[in-house]
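Spelled out, the chains give:
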Amino acid sequence: MKSARGYSLLLLGLLAVLPGCWQSPSARYANYPPATLTPPASRPPLQIQPPVVVQNPWKPTGPAREWRHIVIHHSASEGGSVEAIDKQHKGRGWDGVGYHFVIGNGDGMGDGEIESTFRWRGQTHGAHAGNNEYNQHGIGICLIGNFEEEQPSAAQLAAVKRLVSVLKHEYAIPSGEVIAHRDVKATACPGRNLPIAEISQSVELPLVSLPVTRQYPVVSAWQPGGPWPGMAVGRSPIR
Ligand SMILES: [Zn+2]
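The rules behind the values
- Residues numbered from 1 in each chain as written.
- Predicted model: local features only at pLDDT ≥ 70, side-chain atom pairs only at ≥ 80, totals over all residues.
- Pairing = 2+ DSSP bridges.
- Helix = DSSP H or I, 4+ residues; strand = E, 2+ residues; numbered from the N terminus.
- Axes fitted to C-alpha atoms, helices over the stretch in contact; angles between N-to-C directions.
- Contact = placed C-beta atoms within 7 Å.
- Buried ≥ 20, exposed ≤ 12 C-beta atoms within 10 Å, placed from the backbone.
- Expected span 1.5 Å × (residues − 1).
- Core = buried A, V, L, I, M, F, W, Y, C linked by C-beta atoms within 7 Å.

Asks: Which parts of the structure should I look at to understand the sheet that holds strand E4 (residues 138-143)?
Replies: Whether parallel or antiparallel, the strands of a sheet pair through hydrogen bonds between backbone atoms. Across the sheet, 5 strands lie side by side as E3-E2-E4-E1-E5; this open sheet has mixed pairing. In this open sheet, the two strands that pair with only one neighbour each are strand E3 (114-116) and strand E5 (178-180). Sheet twist, expressed as the mean angle between neighbouring strand axes with direction ignored, is 25 degrees. As judged from the 3 bridges shared by strand E2 (residues 101-103) and E3, these two strands associate in the antiparallel manner. By the bridge assignment, Val102 is partnered in E3 with Glu115. Set on the sheet, helix H6 (residues 154-171) makes contact with strand E1 (69-74), E2, E3, E4 and E5; between it and E4 the angle comes to about 170 degrees.

Asks: Just to check I follow, could you spell out the pairing of E4 for this structure?
Replies: Side-chain positions along a regular strand alternate between the two faces of the sheet. In terms of burial, E4 is largely enclosed, as 6 of its 6 residues are buried. A two-sided burial pattern is seen for E4, the buried positions comprising Gly138, Gly140 and Cys142 on one face and Ile139, Ile141 and Leu143 on the other. Pairing of E1 with E4, which is carried by 6 bridges, proceeds in the parallel orientation. Considered in E4, the bridge of His69 is made with Gly138.

Asks: Honestly, the environment of Ile72 in this entry has me stumped. Any pointers?
Replies: Within the secondary structure, Ile72 is located in strand E1. According to the C-beta neighbour criterion, Ile72 is buried, with 28 such atoms within 10 Å. Considering only alpha carbons, one finds Ile72 and His181, 109 residues apart in sequence, at a separation of 5.8 Å. In contact with Ile72, not counting residues within four places along its chain, are Ile141, Ala180, His181, Pro190, Leu194, Ile196 and Ile199.

Asks: Help me understand H6, please; the structure alone is not making it clear to me.
Replies: Residues lying three or four places apart along an α-helix face the same way, a consequence of the helix completing one turn every 3.6 residues. Spanning 18 residues, H6 covers 26 Å between terminal C-alpha atoms, matching the ideal 26 Å at 1.5 Å per step. With 13 of 18 residues buried, H6 lies mostly within the body of the structure. Positive backbone phi, at 50 degrees, marks Ala172, one or two positions downstream of H6.

Asks: Can you walk me through the nonpolar core in this structure?
Replies: It is characteristic of soluble globular proteins that their nonpolar side chains tend to be buried jointly. Formed by 34 residues in total, the largest nonpolar core has its most connected members in Ile70, Phe101, Val102, Ile103, Ile141, Val160 and Leu163. Elements with a minimum of two residues in this core: E1, helix H3 (82-91), E2, E4, H6 and E5. With 8 residues, the top contributor of residues to this core is H6. If near-sequence neighbours (up to four positions away) are discounted, Phe101 is found in contact with Ile114, Glu115, Ser116, Thr117, Trp120, Ile141 and Leu163.

Written out as structure tokens, the structure is:
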């Protein structure tokens with residue numbers, strides 16, 4: 001009986017407390033501010049930038065030859081072009097221009113214009129070094145001009161540095177294998193005014209896909225404002 005009384009008291013107690021706890025749902029949240037739905041802040045539309053494509057604009061279509069060296073030459077002439085050198089070299093009984101690339105100086109070809117020859121497109125050996133290893137495995141680059149007498153133009157220097165940096169990167173050619181013709185043959189080529197050390201150390205840079213044309217925009221690609229917005233003047237190691 002004692003426990004029954006205890007239960008009764010507990011029940012009474014609960015009945016006294018529960019009404020105090022009980023609140024209708026609306027009363028329970030009456031003190032909370034009403035929920036408001038605010039639309040998300042409007043975001044600026046996504047700016048889709050065209051992708052920067054890293055590529056070698058001079059990549060031949062066929063399989064690459066095993067390139068180990070880059071040999072720099074000058075034409076030892078005032079002006080010139082691929083066609084002019086081709087004619088000259090055919091006159092020597094060769095099968096055409098001996099170099100893989102020719103860089104113009106504005107006389108016969110555009111200033112700083114880089115043109116590949118049939119040897120590059122066909123990935124055939126060169127006829128430029130007077131040395132079998134360097135003809136077989138050396139990429140021959142000829143800059144139009146006589147750098148024993150004259151200075152290369154700024155556009156030519158920028159062009160050769162860009163070409164060398166791309167070729168070094170693409171074919172894993174170390175800077176030490178970018179050499180002057182005089183390093184493998186008794187010749188003054190490519191002249192005392194061509195800074196071979198500077199050219200050989202040209203740094204690989206991200207390359208932007210540009211149409212491969214005869215008039216390749218060698219210099220404009222490095223100018224501030226494009227293709228890398230905000231690129232400061234003089235930041236490019238090829239300048
Ligand atoms: Zn040479």
